[in-house]
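Structure assessment
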Amino acid sequence: MRLPAPFGQRIDRSQTLEFTFAGKRFSGYVGDTVASAILASGGRTLSRSFKYHRRRGALTFAGVDGNVLVQLGARPNQRADIEPLAPGLVVEAQNVFGRLELDAAELLDLCGGFLPVGFYYRAFYKPRGAWKRWEPIIRRMAGLGRVDTSAPHAIADIEQAFADVAIIGAGPAGLRAALSLAEAGLEVWLVEREPEIGGSATWRRGLSSSEQVSDVAGAVVEAAEVAGLRDAVAAHPQIKICTRTTCTGWFAENELTLMGPMHYTRLCARAVVLASGELDQPAVFRNNDLPGVLLGSGVQRLLRHYGVRPGQTACVLTADRRGYEVALDLHDAGALVKRVIDTRSEVDATDLEAMAIRGIAVETAHTVHQANRNWQGELSAVEIGRFDAAGHPIGASTRIPCDLLAVSAGAIPQAQLVCHAGGSLEFEPGTERLRVVWNGTAHNAWLAGAVDGARSLEEAFASGNQAANCVLRALQGEPAFGEGAIAAGHSGDVADGAGGGVADGAGEHGGSLAGAAAASAPGEALGPTLFPHPK
């Protein structure tokens, strides 16, 4: 359902837009995405899975899951959770035999035990030549979207650009690094795939290191601080902001490929700061793909950005403190939060107190064993219980009816670009988290923010400032280097080598830079920044 203000900071409630989805008429507001408008109108199923044609709903609302792929006219495989709503838009479901609500191919789900992965390669190649007859049928069953070969070619702008520094990600760390570098006289490109800058600060309940997730006063102060930083960055003449733009590649000599709406840019930068953040990960349990199961961050994005509450009765599955933030947000939005299911055996007392004040029950050392579905194939209940060290259920399960399960089971750094540049991810047993392993100092490249392990707003600001310090030191002596370092008085300033940062471009940054990068063939990973800057 749609929530009143202040929920829904991205939508304009004075302008209503009409569109159709799967043959039905829907309405939304300017600023909505296709998926947020559908959920606001009560829809939950957006697509069907490619093999068994199970119902699929939105999961992340970050443009990274395949559940939301739809057909928009001649454009297949468009991500409904980030596709802006437009008047008169005709949206069709993909990979459907019949109607979205009644897909005849859903019968394949009943035969799943007889259809193992790759069975068709072993079952349909005899007699000789049989595969040529079966292949079109199998492709039709599993295909996603329709390609209109008669559609006119789209015309996109192509640009070759240069900058002193490219910053990928406009969250708190990226904003702080951008402002610090711009104030030092450098030309900065700030690349953000969302329609606004601010990153997680636009939807998280609070990013401070406060011991209380219910610290409303602290959250207000944080919001004001981030808002001031956003305004300062937007007004600075040395910073070029590219929203709705995705960096799709990172090549030798810090050449970046940027894809925006009908715009392609090849950007060459003297230095790069990667502040791409992190993304929640789904938990593993039976039927974890049902519509109504969302990541906790996806729920918060829906609430804050679009003013949509995706369910009335909710449960929260968590493995860290973020789940308690999600529970508080849902409670504030009017949802009945029946249970917080925490996989940890020890929970902070302030978190438990915040739940008790609101009458929200907490089950520790529990997990979700299974999600149940109703006759429509959507979430109707979860079964929870204890588990052993191997994750196997122990004892009897408890069934809790709900139409929403928010999952906050940990996060992973969004390190795709780092991996493209030769880095990797490594599991840390102590923290039970993945960290980035990468030597970027040889390429004038550094990490900042959550991708580098920052967990609070203070840590994000410090990480952004430290990355900016490293950039300034690396560019010393080059023609475009601006005199001076980070201005004194910035929140989160850290001394050389403090706060886990890099001193003089060496060592580890936030614990994520390895001592040396593995050798690779020429052209496969980043090389030294050798190209002459045009300035």
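Use the structure listed above.
Residues numbered from 1 in each chain as written. Predicted model: local features only at pLDDT ≥ 70, side-chain atom pairs only at ≥ 80, totals over all residues. Heavy atoms only, no water.

1. Points about the sheet that holds strand β2 (residues 24–30)
- Read from one edge to the other, the open sheet built from five strands follows the order β2-β1-β7-β5-β6, with strand pairing classed as mixed. The open sheet has two edge strands with one neighbour each: β2 and β6 (75–79). Adjacent strand axes in the sheet meet at a mean angle of 40°, parallel and antiparallel pairs treated alike.
- Across three bridges, strand β5 (residues 69–72) lies against strand β7 (residues 89–93) in antiparallel orientation. Looking at the pairing, valine 70 lines up with alanine 93 of β7. (Pairing = 2+ DSSP bridges. Helix = DSSP H or I, 4+ residues; strand = E, 2+ residues; numbered from the N terminus. Axes fitted to C-alpha atoms, helices over the stretch in contact; angles between N-to-C directions.)

2. A word on the sheet that holds strand β20 (residues 379–387)
- Read from one edge of the open sheet, three strands run β19-β20-β21, paired in antiparallel fashion. Each having just a single partner strand, β19 (366–373) and β21 (393–401) make up the two edges of the open sheet. The mean inter-strand angle of the sheet, taken between neighbouring strand axes irrespective of direction, is 25°.

3. Thoughts on the pattern of salt bridges
- In total, this model carries 30 salt bridges according to the counting rule given.
- Of the charged contacts in the structure, one is a salt bridge between arginine 373 and aspartate 109, with a shortest N-O distance of 3.4 Å. With arginine 373 in strand β19 and aspartate 109 in the loop between β7 and α2 (119–123), the pair connects residues that are 264 residues apart, well separated along the chain.
- We classify arginine 373 as partly exposed; its relative accessible area is 38%.
- Measuring nitrogen to oxygen at the nearest pair gives 3.1 Å for the salt bridge that ties glutamate 428 to arginine 435.
- You can call glutamate 428 partly exposed: its relative accessible area is 28%.
- Overall, arginine 435 belongs to the buried group, its relative accessible area being 19%.
- Connected through salt bridges with shared partners, the residues Arg54, Arg56, Asp109, Asp289 and Arg373 form a single ionic network. (Salt bridge = Lys/Arg side-chain N within 4 Å of Asp/Glu carboxyl O. Buried < 20%, exposed > 50% of the residue type's maximum accessible area, 1.4 Å probe, protein only.)

4. Topic: the packing of helix α4 (residues 172–183) against helix α10 (residues 457–474)
- Packing of α4 against α10 brings their axes to within 7 Å, and their N-to-C directions diverge by 40°. Taken together, the axis directions place α4 and α10 in an arrangement best described as oblique. Crossing geometry of α4 relative to α10 is assigned as right-handed. On the side of α4, the interface is formed by Pro172, Ala173, Arg176, Ala177, Ser180 and Leu181, while α10 contributes Leu457, Ala460, Phe461, Gly464, Asn465, Ala468, Val471 and Leu472.
- The residue makeup of the contact of α4 with α10, split by class, is ten nonpolar, three polar and one charged. (Parallel < 35°, antiparallel > 145°, perpendicular 65-115°, else oblique. Left-handed = near helix turned anticlockwise from the far one by under 90°. Contact = heavy atoms within 4.5 Å. Nonpolar A, V, L, I, M, F, W, Y, C, P; charged D, E, K, R; others polar.)

5. Quick notes on the side chain of glutamate 196
- With respect to the helices, strands and loops of the structure, glutamate 196 is situated in the loop between β9 (188–191) and α5 (216–235).
- What makes glutamate 196 buried here is its relative accessible area of 17%.
- A distance of 2.7 Å separates the side chain of glutamate 196 from the side chain of arginine 10, its partner in a polar contact.
- Ignoring sequence-local partners within four residues, the contact set of glutamate 196 consists of Gln9, Arg10, Thr202, Arg230, Thr243 and His305. (Polar contact = N/O pair within 3.5 Å; in protein donor to acceptor, adjacent residues only side chain to side chain.)

6. A word on unusual backbone geometry
- Across the junction of alanine 5 and proline 6, the peptide omega takes the value 15°, indicating a cis bond.
- Its identity is not glycine, yet asparagine 95 carries a phi of approximately 55°, on the positive side.
- Looking at the element boundaries, asparagine 95 is found in the loop between β7 and α2.
- Using a relative accessible area of 6% as the deciding quantity, one classes asparagine 95 as buried.

7. A closer look at empty space enclosed by the protein
- Summed over the entire model, instances satisfying the criterion amount to two cavities of 30 Å³ or more.
- By volume, the largest cavity is sized at about 60 Å³.
- Taken together, Leu39, Arg44, Gly57, Ala58, Pro291, Gly292, Leu294 and Pro310 form the lining of the largest cavity.
- Classifying every residue of the lining of the largest cavity gives five nonpolar, two polar and one charged.
- The volume enclosed by the second largest cavity comes to roughly 50 Å³.
- For the lining of the second largest cavity, the elements supplying multiple residues, two or more each, are α6 (296–306) and α7 (322–332).
- Among the residues forming the lining of the second largest cavity, the class breakdown is two nonpolar, four polar and four charged. (1 Å grid on protein atoms, 1.4 Å probe; cavity = no way out; pocket = protein on both sides within 12 Å on 5 of 7 lines; lining within 4 Å. Points joined across faces, edges and corners; volume = space filled by probe spheres on them.)

8. As for the nonpolar core
- Core analysis: the biggest nonpolar cluster contains 49 residues, and Phe19, Phe21 and Leu330 have the highest contact counts within it.
- Sorting elements by how many residues they give to this core places helix α1 (residues 34–40) first, with six residues.
- Once you skip the residues sitting within four places of it in the chain, phenylalanine 21 turns out to touch Phe26, Ile38, Thr45, Leu46, Val70, Val91, Glu92, Ala93 and Leu100.
- With 34 residues, the next largest nonpolar core counts Ala184, Val226, Cys470 and Leu475 among its residues. (Core = buried A, V, L, I, M, F, W, Y, C linked by side-chain atoms within 4.5 Å.)

9. Considerations on the pairing of strand β1 (residues 12–21)
- Relative to β2, β1 is paired through seven bridges, and the arrangement is antiparallel. Paired with threonine 16 across the strands is tyrosine 29, a residue of β2.
- What sits between β1 and β2 in their antiparallel hairpin is a turn of two residues, with alanine 22 showing a positive phi close to 55°.
- Relative to β7, β1 is paired through three bridges, and the arrangement is parallel. Bridging from a neighbouring strand, phenylalanine 19 pairs with leucine 89 of β7.

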